[in-house]
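Topology and contacts: notes
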Amino acid sequence: MKIFGHRGAAGLIAENTLESVEIALLHNVDGIEIDIHCCKTGELVVIHDETLDRTTNGKGNVKDYSLEDLKQYSTQEGYAIPTLDQVLDLIDGQCLLNIELKGKDTVIPTIKVLEKYIRNTNWEYNDFIISSFDHEQLFELKKSTSHFKIGVLTEKSVVEALPIAKKLDAFSIHPSIEILTRDQVDLAREVGFDVYVWTVNDKELIKKSKFWKVEGIITDFPNFVTEKRSI
């Protein structure tokens, strides 16, 4: 069972920051999950919400700011909003990366950035899972390239996600631990999909996920990776 640090190490330090990613790496995670939006000047920035309000000292929509403008804002702890390039440089192929497409029109810029890194650095296509709740973006990704593994995020049951996953020829289905059952895990795996569960922050839920033999969990506490052998 692989352990992915959610937004880096969101339970330990400010989410979706380079510092958060670095903490996750220090705990030897199998993968890291981040969220991306396009800013006004077209760069991909790593932030969860459409707005700056919750996680930074800025206000307003991410898409309305240039990258240069965004550099003036930071988290409460003083950490900067990173770009996807900065995260890729920091990880440098040390673990898997699950990129969640949050903002609109992120597909083509994401493909361009990742293919640049695959050509020029240690990254490989298999190092990435690209996921989204916005399934239209996943269909756009599928039309644009067949090289990347697709993860279908769902707040509903695995059963309801299966038709979309099949149409996309997806790699994995990413359900909430709150609605997941053993039967759903078995069903997904029977038809060829890996199961990556979010957000698993309780040790009892980690035990349950391991017992159900899911392929991976996404957790705010990547320090669990060092404890998972005894769980």
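Now for a description of the structure that goes with this document. Nothing here was measured: the structure is a model prediction, and the numbers come from that model. (Residues numbered from 1 in each chain as written. Predicted model: local features only at pLDDT ≥ 70, side-chain atom pairs only at ≥ 80, totals over all residues. Heavy atoms only, no water.)

Turning our attention to the overall build of the protein. On a plain count of helices and strands, the protein comes out with eight helices and nine strands. Looking at the 231 residues of the protein, the share that counts as buried comes to 55%. Within the protein, contacts between residues separated by at least 24 positions form 56% of all contacts whose residues are at least 6 apart in sequence. Accessible surface computed for the protein: about 10700 Å², of which carbon and sulfur atoms make up 46%. (Helix = DSSP H or I, 4+ residues; strand = E, 2+ residues; numbered from the N terminus. Buried < 20%, exposed > 50% of the residue type's maximum accessible area, 1.4 Å probe, protein only. Contact = heavy atoms within 4.5 Å. Areas by Shrake-Rupley, 256 points an atom, 1.4 Å probe, with all protein chains shown as cover.)

Another point: helix H3 (residues 84–91). Every buried residue of H3 is listed here: Leu84, Val87, Leu88 and Ile91. All buried residues of H3 project into a common sector of 100° when viewed along the axis, lining one side. Buried residues along H3 sit against helix H1 (18–26), strand S2 (31–38), strand S3 (44–46), strand S4 (96–101), helix H4 (107–120) and strand S5 (128–132). Positioned one or two residues after H3, aspartate 92 has a phi angle of 50°, which is positive. (Arc of directions from axis to C-beta.)

Within helix H7 (residues 182–190), burial applies to Gln184, Val185 and Ala188. Buried residues of H7 fall within an arc of 100° about the axis and therefore sit on the same side. Away from the buried face of H7 by more than 90 degrees, exposed residues Asp183 and Glu190 are located. Along its buried surface, H7 packs onto helix H6 (158–168), strand S8 (194–197) and helix H8 (203–212). Of the residues flanking the end of H7, it is glycine 192, one or two places downstream, whose phi is positive at about 100°.

What the largest pocket holds in volume is close to 290 Å³. Lining the largest pocket are 15 residues; nearest its centre among them are His37, Glu50, Lys102, Gly103 and Lys104. Every element with two or more residues in the lining of the largest pocket is listed here: S2 and S4. (1 Å grid on protein atoms, 1.4 Å probe; cavity = no way out; pocket = protein on both sides within 12 Å on 5 of 7 lines; lining within 4 Å. Points joined across faces, edges and corners; volume = space filled by probe spheres on them.)

A complete count under the given rule lists one cavity of 30 Å³ or more for this structure. The computed volume of the largest cavity comes to approximately 70 Å³. Lining of the largest cavity is provided by Glu15, Asn16, Thr17, Val46, Ile47, His48, Thr55, Thr56, Thr75, Ala80, Ile81 and Pro82. Residues of the lining of the largest cavity, tallied by class, amount to five nonpolar, six polar and one charged. (Nonpolar A, V, L, I, M, F, W, Y, C, P; charged D, E, K, R; others polar.)

The next subject is the pairing of S4. In terms of burial, S4 is largely enclosed, as six of its six residues are buried. In S4, alternate side chains face the same way, and those of Leu96, Asn98 and Glu100 on one face and Leu97, Ile99 and Leu101 on the other are all buried. Across six bridges, S2 lies against S4 in parallel orientation. By the bridge assignment, isoleucine 36 is partnered in S4 with leucine 101. As paired elements, S4 and S5 share four bridges and run parallel to each other. When the bridges of S5 are listed, asparagine 98 appears paired with isoleucine 129. Where the polypeptide runs from S4 across H4 and back to S5, its parallel neighbour, the crossover connection is right-handed. (Pairing = 2+ DSSP bridges. Right-handed = clockwise from strand over helix to strand, strands pointing away.)

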